[in-house]
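Here's the letter readout for the chains.
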Amino acid sequence: MGFFRQEHWSPWPRVQGNRQHQATRRMCSYESSFQPAQFLLLVGVPLASAVLLVQCLRWRCPRRLLGSCWKLESQEEPAPPPTPLPEDESSRAGLPATLQEVATFYQELHTPTQGQTVIRQLMHKLLVFSAREVDHRGGCLMLQDTGISLLIPPGAVSMGRQERVSLTLVWDLTDAPSLSRAQGLVSPVVACGPHGASFLKPCTLTFKHCAQQPSQARAYSSNTALLDTKAWKPLGRPGDHTSRDECRIHLSHFSLYTCVLEAPVGREARKWLQLALFCSPLAPGQSHLQLRVYFLNNTPCALQWAVTNEQPHGGRLRGPCQLFDFTGARGDQCLKLKYISEGWENVDDSSCQLVPHLHIWHGKCPFRSFCFRRKAAKDNEDCSALTNEIIVTMHTFQDGLETKYMEILRFQASEEESWTAPPPVTQPPACNRLPPELFEQLQMLLEPNSITGNDWRRLASHLGLCGMKIRMTFMRRSDSRCPSEYCESHIL
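Residues numbered from 1 in each chain as written. Predicted model: local features only at pLDDT ≥ 70, side-chain atom pairs only at ≥ 80, totals over all residues. Heavy atoms only, no water.

As named in an unreviewed UniProt entry, the chain is UNC5C-like protein isoform X3, taken from Bos indicus. In the Subcellular location (unreviewed entry) part of its UniProt record, the chain is described as follows: "Membrane". Here is the UniProt Sequence similarities (unreviewed entry) comment for the chain, exactly as written: "Belongs to the unc-5 family." (UniProt positions renumbered as here; feature names shortened; annotations may be inferred.)

Have a look at this one:
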């Protein structure tokens, strides 16, 4: 029955069917002789190549793309894979950060601070930051007592949108550029966030520098996020973004910024230092006292760093900061003890300490300390009248330049002195000055005299200026400084 069916339904003659049957038998015999090794060569090699190609693409995929891929996977898995910290922070960090920790870091950094300046240690970094939301009207961020501001002009954000922006002072010294011996760091490292954000109009970042010749100061930028490995590159030529003591950069997008001193070949580079002396209060019966002298860039944020660094130790700034003319001639800084009052003695064997030149030149904020103790009373000698105060005199200079330039540091303290509040310190003018664009708007609003008196005179009275000073300011309208600028100098 089966043979009849095949003959009935076959469209080919019997001869052709025999030939087809023989060809089929030859094909079957060829397939039966096909070895497994040949099968692996035909199928396994392309499959292995595809797997290797996918793996190579994954290895060469940028970290940002991998992060987005991992983020999608982490929505399904409770434990996302960890992301290592940058190489320059590996010595300070314990365990590698996870994606959740990195996300928390940026979320906290960009959370609006309601106009407040926050100092906090996040992800092994000591940061000073402020954040806010801006719309089409623009806005300004200012970090208190640092001289750092970020201006977002009106129209930089499109109508109907709100952008969350942040301004961060990076006190992690490892984030500064890697400099040569001829280069000196003269400003802080400032980050504008979120990284890569762009606006319809350029924003203006302003911060202080301490270069003696602004034409030798060059702005640098690292087009990286704050936790990534930095890649510093110069912005334009030296002097393009610097004025007498300020660096002003018009930003097309947000990133990291700083300022580096680069003197031309054959010329000497110099910068201004501020020498700050810190000490804990002299308590009655205290047997030891330690003084610490910081060698800081002459910028407001460098001094605030030292103040913050001294808080855990109870150290307070004593006396005004002394300016020092520091040169890049590779001379180490010497700190020499010249005088100590009766009843006290130096605990250290040496009365002279050295600070490596590059530690100061590269802005590492170094300090040196001296420890003093009360002398033991000898027989038939009463030292109680001599040990209730201490007077110290130190000289500091660059090695080999003692006769050319030297600064004298003096310290005096007594047990009766009240240290409940820091003593008044002579400081440079207020560093929280308004950006020029905002000041021009303030001048336009306050300069025309108002019949109701609701002009710069009313503002001056709210700022605490006495009536005599207001009248003198009004009479000096022909001066180079307008009345509203006198008011502006007292703001903040």
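Once you've had a look at it, read on.
### A look at helix α5 (residues 99-109)
An α-helical turn contains 3.6 residues, so any two residues separated by three or four positions project in the same direction. Where α5 is concerned, the buried positions are V102, F105 and L109. Within α5, the buried residues cover an arc of 55° as seen down the axis, which keeps them to one side. Among the exposed residues of α5, those oriented more than 90 degrees off its buried face are Q100 and Q107. Those residues of α5 that are buried lie in contact with β1 (118-122), β2 (125-134) and β5 (163-170). (Buried < 20%, exposed > 50% of the residue type's maximum accessible area, 1.4 Å probe, protein only. Helix = DSSP H or I, 4+ residues; strand = E, 2+ residues; numbered from the N terminus. Arc of directions from axis to C-beta. Contact = heavy atoms within 4.5 Å.)

### Observations regarding the sheet that holds strand β21 (residues 389-398)
The strand order across the open sheet built from four strands is β19-β17-β21-β22, with neighbouring strands paired in antiparallel fashion. At either margin of the open sheet sits one strand with a lone partner, and together these are β19 (352-355) and β22 (407-414). When the angles between neighbouring strand axes are averaged without regard to direction, this sheet yields 20°. (Pairing = 2+ DSSP bridges. Axes fitted to C-alpha atoms, helices over the stretch in contact; angles between N-to-C directions.)

### With respect to the pairing of strand β17 (residues 333-340)
Taken residue by residue, a regular strand's side chains alternate between the two faces of the sheet. Of the pairings in the sheet, the one linking β17 to β19 comprises four bridges and is antiparallel in character. Bridging from a neighbouring strand, K336 pairs with C352 of β19. Bridge count for β17 against β21 is seven bridges, and the pairing is antiparallel. Note that in β21 the partner of K336 across the bridge is H395.

### A short note on the confidence of the model for the chain
Model confidence for the chain is summarised by a mean pLDDT of 77, while 64% of its residues fall at 70 or above. Under a pLDDT of 50 for its full length, residues 423-430 has, in the predicted model, 10 contacts with residues more than four places off or in other chains. Scored below 50 in pLDDT, residues 467-481 shows 19 contacts in the model against residues more than four places distant or in partner chains. (pLDDT = per-residue confidence, 0-100.)

### Some remarks on the sheet that holds strand β11 (residues 246-253)
Spatial strand order, β3-β4-β8-β11: four strands in an open sheet with antiparallel pairing. Because the sheet does not close on itself, it has two edges, and the strands there are β3 (139-143) and β11. Ignoring strand direction, the axes of neighbouring strands in this sheet form an average angle of 15°. Where strand β4 (residues 148-152) and strand β8 (residues 198-208) come together, three bridges link them in antiparallel fashion. From the neighbouring strand, L150 faces β8, where its bridge partner is L205.

### Digging into the packing of aromatic side chains
On inspection of all chains with the given rule, the structure shows eight aromatic pairs. For the ring pair F199 and F254, a centre distance of 5.0 Å and an interplane angle of 50° mean the geometry is tilted. Taken as a pair, F199 in strand β8 and F254 in the loop between β11 and β12 (256-262) lie far apart in primary sequence, 55 residues in all. Each member of the pair, F199 as well as F254, carries the same accessibility label: buried. An angle of 75° between the planes, with centres 5.3 Å apart, marks the rings of F278 and Y294 as edge-to-face. Here F278, found in strand β13 (residues 270-279), pairs with Y294, found in strand β14 (residues 288-297); they are 16 residues apart in sequence, far enough to count as distant. By the burial criterion, F278 is buried, and Y294 matches it. Members of the aromatic cluster, connected to one another through ring pairs, are F278, Y294, W305 and F367. (Phe/Tyr/Trp six-rings, centres within 6.5 Å; stacked < 30°, edge-to-face > 60°.)

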